[in-house]
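Structure assessment
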Amino acid sequence: MSSDEEIGELKVVYDFIAQAKFKKAFVSATKVLDQRSPLPPDAAEEDPLRELLLFVVTKYADQLEQEGKIEQVFEIIEQGLEYFPEHPELLNETGVRLQRYGRSLEASICFERVLLQDSRYLKAYQNLQNTKCELVERWHFRMLNDVVRNAAFRAAIENQIAAGYNEVLDIGTGTGLLSMYALRCEGIRKAAACDGSDIMVQIARDVFGANGLSDRICLFQSYSQDLKIGERFSLIVTETLDSGAFGEGILETLIHAKKHLLLPEGKIIPAKVTLHVSGYQSRALTASNILINEAFSEDFSLPSNCLLSKEGTKCYDAEDIGRIQANDDFEFVTDTVVAIDVDFNDMDSLVRYQDGTEVGEVELTCLDDGLLLDGFVVWFDLQLDENSTISTDPTTNTCWNQAIFRLNQRLPVAKDQRLKLTMSCKDGALSIAHNLNSVDNQISVDEHVLEFLNDIEYYSSLTEATDALDDMEKILDLSLFPYAGLKLLKEGKARMLFCLDQTEDLIEFIANQNDISMGSIMLVSSVQEIFLLNDYTLDLIILQPVDVFGQINSEHFCLYQSLLAKLKPIGTVVPAVLELHGSVIESDWIVKCSRVENPELEQFQIDKYLASLETENHLDLGPFSYSNLSEPTKLADVQFDGKLHETELELTLAESTETSRLHAVLYHYRIGFTPERPLLATDRPQSFAKRSAFIIPKSTFQGVNSEEPPAPTDPIEQLYISVLQNHGVIKCDISLVGQ
């Protein structure tokens, strides 16, 4: 194809794009690629057709997705990859779509291919971290590292097999740990295991193989209810319990198992579960549930009966109460009582609780005057057999979280006041019925928006930073909720507000409550819609620099330069500055949430097969126990763009420290709303944005070149830190000085 012919064909492609005929644009683009001469390898990255095809494939795939033609989406993407097999953006886009449709393992391969080409392509790095969390949820590591839990299950399994219950089925085997305990018992006659997750079954298969046990166990990728094996077992072992005991369907699972998989005289481990309930008070837990920012209520004249309650239909949330207690933000308001007691070896007990005919009627007694009841916390004791019991009591060091049932109001209580509750687990859904919720009119608001609204210091800093501005025509507020923009409209300091429509109901309510015309508010579904405005239109742009999980807002940063073109020459951008701060920490808790740190499991080689699924970034950290090994320091200025930036520094530790104690870099942000105002840190107890941590991998302190690696106890005094920013994502790498 001559250059003139190629230009003509490309014009056809652009014409189809302009008409949003992306199928025809794709066909025309691939025709050009098929007919032109191959480019030399070093010219491929500069090929303009490379980016054009990416745009066409993305738009065509979006169109097919909207039409529900999911298989065709991946066919089109695969065709695109045939032309540019190592195109990082196309590979990353492929991974994102695979992840969206539950094909996380394939998605992770796409992201890894990108990073093999360019380890600084941080968009793929972030996506890979998220995908690993989906493949193996982080609670798996806490569970595997819980030596008390493991020892109790091992003892119960050994006891029952020794008593003659030697034909074992492990339901929900995960990494195969409980099956390993059974297979190592003398007298075991047969063993089988099943799990519904393909990745967990693959890990279990590898673990059994590495321990020479593959020929001694039948492993099925299946939920137990779908097993068609024609056999029964004398012992069923399972640990399919969530923080509320029944959320993973253990009642239904065991009813089916007793009917179809367990011998009539067989036994089940665990044998019984007992649930406890108590009332609590906690601002931290309330901040994501109810509006408690009085300054916001006063500024926008909210009526006393207006409650902004968390939306959603979840019966309960899982929270680590022990960590919240450590931060002095949790208090028991009532006594603790037993609410439900289920015998897993009794079919009648299982059925009665599953169908809801048996419930727990309880009465709690308030402990003192002047307390607020924010909700109820539930935990359980798990009796494995006659001799072994474990508990998820928040005062114990357990791998389980507790179940939290929140009220939609903060209810004052008096000493000795009685509270009546009914707890049930019909259809496996743990619930608590009571008459303590408010019946006033409510507005449903996303929990993250409520956390943002309840950050009083952020609210004050942002509204004070914009308070001096006046006589503005158009402003853009991209905050989780645009209260600064609405306040400027209310006070007559701005005439038109552009904001995202994600909180449309609340925006409309606030506008009506404050006589703000909805005609002065332009709701947009995405930031890209702002680009339809003429240049030099906006007087003020308010960004959302950090999200609730502790990450920078990558979309806002990547689009910042384009948004800047819409700002008047004398316009204002808030915030003006964002800094990354952090310190090196030692924390047994964070390590056990991130990787296998258990000699027994290392002996079984379970750590080896989970190593590739360890993550390097732990987001959304609430309170937890740790020790600072260095003073908190500024790590980098966060740049307002999507380009590649690197900051390097040497960090001096507080004292000479063994490398085995260097676990993570705990980080947060400091936000400068205006150049003259002091920076606001996000490591405050009531910050909507949580702290996060870069986990220091075990391999960090390996030797250089052919030199021997330092022993894990070698003390060091300094670390070398490299902070990368790219595509609105931040990554922190640690090494020894001179490495």
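Residues numbered from 1 in each chain as written. Predicted model: local features only at pLDDT ≥ 70, side-chain atom pairs only at ≥ 80, totals over all residues. Heavy atoms only, no water.

Tallying secondary structure elements over the chain gives 25 helices and 32 strands in all. The C-alpha radius of gyration computed for the chain amounts to 29 Å, which stays within 12% of the reference 27 Å derived for 739 residues, consistent with globular compactness. In the chain, once contacts between residues fewer than 6 apart in sequence are set aside, the share between residues at least 24 apart is 78%. (Helix = DSSP H or I, 4+ residues; strand = E, 2+ residues; numbered from the N terminus. Rg over C-alpha atoms; globule rule 2.2 N^0.38 Å. Contact = heavy atoms within 4.5 Å.)

A word on the environment of Ile77. Along the chain, Ile77 turns up in helix H4 (residues 70–83). In this structure, the C-alpha to C-alpha distance between Ile77 and Ala61, residues 16 residues apart in sequence, is 7.5 Å. What Ile77 contacts, discounting residues up to four positions off in sequence, is Val57, Thr94 and Arg97.

Here we come to the packing of aromatic side chains. Tallied over the entire structure, the rule returns 24 aromatic pairs. Ring plane angle 15° and centroid distance 5.2 Å describe the contact between Phe452 and Tyr483, whose orientation is recorded as stacked. Highlighted residues: Phe452 in helix H17 (residues 447–453) and Tyr483 in helix H19 (residues 483–490), separated in sequence by 31 residues. Of the two residues, Phe452 and Tyr483, both sit in the buried class. Taken together through their ring pairs, the aromatic side chains of Phe296, Phe300, Phe452, Tyr458, Tyr459, Phe481, Tyr483, Phe673 and Phe688 make up a single cluster. (Phe/Tyr/Trp six-rings, centres within 6.5 Å; stacked < 30°, edge-to-face > 60°. Buried < 20%, exposed > 50% of the residue type's maximum accessible area, 1.4 Å probe, protein only.)

Let us now look at the pattern of salt bridges. Counted according to the given criterion, the structure contains 44 salt bridges. The salt bridge partner of Glu386 is Lys267, with a shortest N-O separation of 3.1 Å. One end of the pair, Glu386, is in the loop between strand E12 (371–383) and strand E13 (389–391); the other, Lys267, is in strand E5 (residues 262–269), and 119 residues separate them in sequence. Close ionic contact of Glu464 with Arg677 constitutes a salt bridge, the shortest N to O distance being 3.1 Å. Of this pair, Glu464 sits in helix H18 (residues 456–467) while Arg677 sits in the loop between strand E28 (664–672) and strand E29 (680–681); the two residues are 213 residues apart in sequence, bridging distant segments of the chain. When salt bridges with common partners are traced through the structure, they connect Asp62, Glu65, Glu93, Arg97 and Arg100 into a single cluster. (Salt bridge = Lys/Arg side-chain N within 4 Å of Asp/Glu carboxyl O.)

Turning our eyes to something else, we now look at the domain arrangement of the chain. Once the domains are mapped, the chain shows domain 1 (3–138), domain 2 (144–269), domain 3 (272–435), domain 4 (455–574) and domain 5 (577–587 + 626–699 + 711–736). Computed over C-alpha atoms only, the centres of domain 1 and domain 3 are separated by 48 Å. (Domains from an automatic or database assignment.)

What follows concerns the side chain of Thr503. With respect to the helices and strands, Thr503 occurs in the loop between strand E19 (494–500) and helix H20 (504–513). Ignoring anything within four residues of it in the chain, the contact list for Thr503 reads Val449, Leu480, Phe481 and Pro482.

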